[in-house]
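# Architecture at a glance
Spelled out from the first residue to the last, the chains are:
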Amino acid sequence: MPLIIITGYPTSGKTTRAKQLHEYLAERVKESSPAKYRLHLISDQTLSIPRAVYDLSATPAHTRSANASEKDARASIYGTVKRVLSDRDIVVLDGLNYIKGWRYQLFCEAKAVRTPSCVLQIGCSKDRAGEVNEERLRRRQDGADGDGAGAGSEKEKDEDEEEEEGAYEPENWKNLVFRYEEPNAMTRWDSPLFTLIWEDDEAQTRQVFDSLWDAIAGSARKLVRPNQATVQRSRDAGGDYLYILDRETQDIVKRILDQQSDDGGDDIEISGGDGDKVDELVVELPAGKKVGLPQLQRLRRAYMGLHRGGIGLEGIGNMGPGRIRETFVGYLNDAFEKDG
């Protein structure tokens, strides 16, 4: 099942929306009997990744692009997503996800396992998000000053710890907002794109979640096919195209070397492929000279360079072994005629 990527400004309410979405999806999954899908919520908190990994304030300007701590954090997130992502798993990825190249990487991973992906953007103004971060910083400071006071219940302490964990240092917060790359619904890795804003009430939130579910698991879900270049080509009975191309041309070169006479000018009969003796092909060697292995190999390499673009056509039948042998013999005859 799909990958749901949540993105937005820091302290814009992404984790709150992620928990709401997780609860909504859990209800929808329970409605299906038997349960068809497994549900996963992945975030910095679940992987114990601190906010400090995104802080570049202490990093020299010329080394900020090579921030090792942030790259290690993304590698940990990517590995976790890759382990659980499948056609039976719904993965909610809560986090900044502010780099479009990072979202593209996740999109490609989902496509490779033939499952859809979508982006849920949490809309919030910079001023509002900044106020939330400042409030969390104040509460963290008040909590540090009030250590040992023993005030508050266990639930209140847990909520305070959660808000403290969600606070960014002021310079770090400004830097992350500056670096944020908004998703674009026109790009395939950011579509389908759903948006929830800070002011959306429960009814609007439910409507957006319904549309999201319909896109990833309902009637609007599209069939996902991996890129042709990333599909592993198996060597079944005949082998893949490049293997067949190499095998058939090498066999013709060997037959020519074995059957030609020292004087040259021979007509070498070549079978049509796959043991087919009905349609025999004839290689007309130039008269008066013997064709050597270097010349044949040079022509063979030139022919293979021209026909590598036939990958994918062998299944249709127009670039099978017989067709390869026929075109290679014709190529050799044309080359020998021009040389003669």
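If you tally the helices and strands in the chain, you get 10 helices and 7 strands. By residue count, 41% of the 340 residues in the chain fall in the buried class. Pairs at least 24 residues apart make up 78% of the contacts formed inside the chain by residues separated by at least 6 positions. Summed over all atoms, the accessible surface of the chain reaches about 19100 Å², with 48% contributed by carbon and sulfur.

This brings us to the pattern of salt bridges. Throughout the structure, instances matching the rule amount to 19 salt bridges. Residue Asp89 is joined to Arg38 by a salt bridge in which the shortest nitrogen-to-oxygen separation is 2.9 Å. You can see Asp89 sitting in strand S3 (residues 89-93) and its partner Arg38 sitting in strand S2 (residues 38-42), a full 51 residues away along the chain. On the accessibility criterion, Asp89 (3% relative accessible area) is buried. With a closest N to O distance of 3.0 Å, Arg255 and Asp251 form a salt bridge.

Bringing the nonpolar core into the picture now. Core analysis: the largest hydrophobic core is formed by 26 residues, its most contacted members being Leu3, Val81 and Leu93. Secondary structure elements with two or more residues in this core: strand S1 (3-8), helix H2 (68-84), S3, helix H3 (100-112) and helix H6 (170-179). If we skip the residues at most four places from it in the chain, Leu3 touches Val81, Leu85, Val91, Leu93, Leu106, Ala110, Pro116, Ser117 and Cys118. The next biggest cluster of nonpolar side chains, apart from the first, holds 22 residues, and it includes Leu245, Ile256, Ala335 and Phe336.

So, on to the confidence of the model for the chain. Mean pLDDT for the chain: 83, with 80% of residues reaching 70 or above. Note on residues 157-164: pLDDT under 50 across the span, and 6 contacts to partners over four residues away in sequence or across chains. Overall, residues 233-237 carries pLDDT values under 50, and its contacts beyond four positions in sequence, including any with other chains, amount to 9 contacts.

All right, on to the pairing of strand S6 (residues 267-270) then. The side-chain alternation of S6 yields one buried face, formed by Ile268 and Ile270, and one unburied face, formed by Asp267 and Glu269. Where S6 lies against strand S7 (residues 281-284), 4 bridges are found, and the strand directions are antiparallel. The partner of Ile268 across the bridge, within S7, is Val283.

In this section: helix H8 (residues 241-259). Here H8 spans 27 Å end to end across 19 residues, near enough to the 27 Å set by a 1.5 Å rise per residue. For H8, the set of buried residues is Tyr241, Ile244, Leu245, Glu248, Thr249, Ile252, Val253 and Ile256. Looking down the long axis of H8, one finds its buried residues gathered within 155° of arc, a one-sided arrangement. Against S6, S7, helix H9 (293-307) and helix H10 (321-339) lie the buried residues of H8.

Mapped onto the secondary structure, Arg103 falls in helix H3. Accessibility expressed as a relative area gives 0% for Arg103, which makes it buried. Residues Arg103 and Trp189 lie 86 residues apart in sequence; the distance between their C-alpha atoms is 6.8 Å. In this view, Arg103 contacts Ile5, Thr7, Asn97, Tyr98, Glu181, Glu182, Pro183, Trp189 and Asp190; residues no more than four positions away in its chain are not counted.

Right, let's get into the pairing of strand S4 (residues 117-123). For a regular strand, the rule is simple: side chains alternate between the two faces of the sheet. Counting buried residues in S4 gives 7 out of 7 residues, a clear majority hidden from the surface. Here S4 shows two buried faces, one formed by Ser117, Val119, Gln121 and Gly123 and the other by Cys118, Leu120 and Ile122. Sheet analysis places S4 next to strand S5 (residues 193-197), joined by 5 bridges and oriented parallel. Each residue of the ladder has a partner; that of Ile122, found in S5, is Leu196.

Cut-offs applied
- By convention here, each chain's residues receive numbers from 1 onward along its written sequence.
- Totals for whole chains, interfaces and linings use all residues, but because this is a predicted model, local features are given only for residues with pLDDT of at least 70 and pairs of side-chain atoms are given and counted only at 80 or more.
- Side-chain numbers here rest on the full set of heavy atoms in the structure, without hydrogens or water.
- Helix and strand labels come from DSSP, where a helix needs a run of H or I of at least four residues and a strand needs a run of E of at least two; each type is numbered from the N terminus.
- For each residue, the accessible area found with a 1.4 Å probe, counting protein chains only, is set against the maximum for its type, and the residue is called buried under 20%, exposed over 50%, and partly exposed in between.
- Throughout, a residue-residue contact means that at least one pair of heavy atoms, one from each residue, lies within 4.5 Å.
- Here the accessible surface of atoms and residues is derived via Shrake-Rupley with a 1.4 Å probe, and residues count as covered only by protein chains that are part of the display.
- Definition used for salt bridges: Asp or Glu carboxyl oxygen within 4 Å of a side-chain nitrogen of Lys or Arg.
- We define the nonpolar core as a collection of buried residues of types Ala, Val, Leu, Ile, Met, Phe, Trp, Tyr and Cys that are connected through side-chain atoms lying within 4.5 Å of one another.
- A score between 0 and 100, pLDDT records how confident the predictor is in each residue.
- When DSSP locates at least two bridges between a pair of strands, those strands are taken to pair.
- Here a helix's expected span is defined as the number of its residues, less one, multiplied by 1.5 Å.
- Summarising the geometry, the arc corresponds to the directions from the helix axis toward the C-beta atoms.

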